[in-house]
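# What the coordinates show
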Amino acid sequence: MSRYHSARHFRPHRRRRPKKTETIFETAKRYGFIAVLSGLGIAYGTNASDNAQKRQAILEALPAGYTYSGCDEVRAAGVAPIYSSERGFSDRLDGDGDGVGCEPYRGQ
């Protein structure tokens, strides 16, 4: 016998167990779960899109050159955090100088 066919290296083929078939209930449960998650994702995406449009409308309605007086006013308007490229932003709203004003902080 050659060294590759010696009894020491021989492994008998193992029979694979047949895959357990899913019951109708298990299949319905799996696809129902996927459908619920998909629906939640669509709802979240739609809600986020609506909120972004409302926020943009608020910022576009501001007169040119207007700046908010403080973060309380920005949060009351519903546009916090406010970015340096948006109307209403001023450096006094950005405490750490990163271009984002009225950022949420821990504990809020």
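Each remark here, short or long, concerns the structure printed above.
Just so it is clear, the model here is predicted, and its values are computed rather than measured.

### Here's the deal with a nonpolar patch on the surface
A contiguous nonpolar surface patch, about 410 Å² in accessible area, is contributed by F33, V36, L37 and L40. Take L40: it is sitting in helix 1 (residues 24-60). L40 sits in the exposed class, given a relative accessible area of 52%.

### Looking at the state of the cysteines
As enumerated under the stated definition, the model contains one disulfide in all. Each disulfide pairs two cysteine sulfurs, and for C71 the partner residue is C102, the sulfurs being separated by 2.2 Å. Its S-S torsion of about -90° marks the bond between C71 and C102 as left-handed, since a negative value means left-handed. Taken as a pair, C71 in helix 2 (residues 71-77) and C102 in the segment after strand 2 (100-101) lie far apart in primary sequence, 31 residues in all.

### Quick notes on the nonpolar core
Generally speaking, soluble globular proteins have nonpolar side chains that are buried together. In terms of nonpolar packing, the biggest core is built from nine residues, these being L59, L62, Y68, V74, V79, I82, F89, L93 and C102. Sequence-distant contacts of C102, that is, excluding residues within four places in its chain, are made with C71, V74, R75, A80, P81 and L93.

### A word on the packing of aromatic side chains
For the structure shown, the criterion picks out one aromatic pair. Here Y66 and Y68 contribute two aromatic rings whose centre-to-centre distance is 5.5 Å and whose plane-to-plane angle is 80°, an arrangement assigned as edge-to-face. Residue classification places Y66 among the partly exposed residues on the basis of a relative accessible area of 30%. Owing to a relative accessible area of 4%, Y68 belongs among the buried residues under this scheme.

### With respect to the pattern of salt bridges
If you walk through the whole model with that rule in mind, you get one salt bridge. Among the salt bridges present, the one from E86 reaches R55, with a minimum N-O distance of 2.7 Å. With E86 in the loop between strand 1 (82-83) and strand 2 and R55 in helix 1, this residue pair connects regions lying 31 residues apart in the sequence. Take R55: its relative accessible area is 17%, and that puts it in the buried class.

### Topic: unusual backbone geometry
In this structure, P81 follows A80 across a cis peptide bond, with omega equal to -5°. Structurally, P81 can be placed in the loop between helix 2 and strand 1. Backbone geometry at C102 places phi at a positive 55°, although glycine is not the residue there. We classify C102 as buried; its relative accessible area is 3%.

About the criteria used
Each chain carries its own residue numbering, running from 1 in the direction its sequence is written. Given that the model is predicted, a residue must reach a pLDDT of at least 70 before its local features are reported, and side-chain atom pairs must reach 80 or more before they are shown or counted; all residues, however, enter totals for whole chains, interfaces and linings. Each side-chain value is derived from all of the structure's non-hydrogen atoms; neither hydrogens nor water enter the calculation. Within the patch definition used here, like charges are joined within 9 Å and nonpolar side chains (Val, Leu, Ile, Met, Phe, Trp, Tyr) within 5 Å, considering only residues with over 30% relative accessible area and no salt bridge. The Shrake-Rupley method, run with a 1.4 Å probe sphere, supplies the accessible areas, and residue values consider only the shown protein chains as cover. In the sections that follow, a salt bridge refers to a side-chain nitrogen of Lys or Arg positioned within 4 Å of a carboxyl oxygen of Asp or Glu. Counting from the N terminus, the helices are the DSSP runs of H or I reaching at least four residues and the strands are the DSSP runs of E reaching at least two. Summary of the burial criterion: residues with accessible area below 20% of their type's maximum are buried, those above 50% are exposed, and those between are partly exposed, where the area comes from a 1.4 Å probe applied to protein chains only. Cysteine sulfur pairs qualify as disulfides if the two atoms are within 2.5 Å. Buried Ala, Val, Leu, Ile, Met, Phe, Trp, Tyr and Cys residues form a nonpolar core when they are joined through side-chain atoms within 4.5 Å. The contact definition used throughout considers only heavy atoms, calling two residues in contact when any of these lie within 4.5 Å. Pairing of aromatic rings covers Phe, Tyr and Trp, the last counted by its six-membered ring, and requires centre-to-centre distances within 6.5 Å; plane angles under 30 degrees mean stacked, over 60 mean edge-to-face, and any other angle means tilted.

Just geometry here; none of it tells us what the structure is for.
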